[in-house]
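As a plain string of letters, each chain reads:
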Amino acid sequence: MEDLDAIFEEYKEYYKARWMRVKDNPNYPFSAASEKKLYDTIDGCANGYEFRDRLGNLNELNAVALTKDQYTMRLTHYQSLQEHIRALGPQRILQGCETVDNVNDVMTLAMNEENKNSIEIAMDEAVREFHDWHYLEQIEIGEQAEVPSKWKSDYQQHAQQAKQKLVESYNDAEKNNQPWEEGWHLNLDLIWEHRHRRLLPYPDEVVQKRRNEAKQITGK
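Right, let's walk through the structure included here.

Parameters and conventions
Per chain, residue numbering runs from 1 following the sequence as it is written. pLDDT decides what is reported in this predicted model: residues at 70 or higher carry local features, side-chain atom pairs at 80 or more are listed and counted, and totals for whole chains, interfaces and linings draw on all residues regardless. Only heavy atoms go into the side-chain values, all of them from the structure, while hydrogens and water stay out. Working definition: helices are DSSP H or I runs of at least four residues, strands are E runs of at least two. Numbering for both runs from the N terminus. Radius of gyration here uses only the C-alpha atoms, and the compact-globule reference equals 2.2 Å multiplied by the residue count raised to the power 0.38. With a 1.4 Å probe rolled over the protein chains alone, any residue whose accessible area is under 20% of its type maximum counts as buried; one over 50% counts as exposed, and the rest are partly exposed. When checking whether two residues touch, look at their non-hydrogen atoms; a contact exists if any pair is within 4.5 Å. The protein chains shown are the only cover counted for residues, whose accessible areas, like all others here, come from Shrake-Rupley with a 1.4 Å probe. Charge assignment: positive for Lys and Arg, negative for Asp and Glu; neither His nor the chain ends contribute. Note on charges: their place is set at NZ of Lys, CZ of Arg, CG of Asp or CD of Glu.

Some words on the overall build of the protein
Then, in step 1: Each helix and strand in the protein was counted, giving ten helices and zero strands.
Then, in step 2: What you see in the protein, going N to C, is helices and strands ordered as α-α-α-α-α-α-α-α-α-α.
Then, in step 3: Scaling as 2.2 N^0.38, a compact globule of 220 residues should have a C-alpha radius of gyration of about 17 Å, whereas the protein reaches 29 Å, well beyond that.
Then, in step 4: In terms of overall dimensions, the protein has C-alpha extents of about 105 × 35 × 25 Å along its principal axes.
Then, in step 5: Residues classed as buried in the protein amount to 35% of the 220 residues present.
Then, in step 6: Partitioning the intrachain contacts of the protein with sequence separation of at least 6 by distance along the chain shows that 64% fall at a separation of at least 24.
Then, in step 7: In the form shown here, the protein has an accessible surface area of approximately 13700 Å², with 49% of it arising from carbon and sulfur atoms.
Then, in step 8: Taking the average place of the 28 positive charges on the side chains of the protein and the average place of its 40 negative ones, the gap between the two points comes to 5 Å.

Here it is in structure tokens:
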């Protein structure tokens, strides 16, 4: 009996240590509350049998609490970067956590929403096809370069080829993405969103110029 009592006391210390580990960590408020409830429960029991009877689903709810903490941190980080599309996954997972109470359901929720969000991110970032400006630069050179007259037709031909390749590139992007998102179209206006604009190391007037050129050539 003394051995069982000693083991039970060790379990109390174990649950106390778990609570203390997150107690003052501002990133883990849900886990701290959950761990405290676990510790308070076992600390109020006379023995392991009583704890078993009173435990209920507190361990399951502990997993939900940890998930809420983890995705709250991700959501806060993505919002700080204005990554609004990446924030959608954590937002939906946190909403779903309000109606789940076991490990299997919270794992399924997180997996499904992560997969859904990965597609949303891929569709959103496809606008960065615009970041490859080499076709626009080839077109500009072919149409505006000052060259001897005998070479002008060659330059104009190169410009036409670049236009065709640009159109094909954008059309291919739409063709490849529509199976993932029905009706998806390349929206060049999205480049002004902070998450895309910050990746273009050019003044606004240059981005505007290239965007207008691309829209005029491709009709996107």
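Here the narrative resumes.
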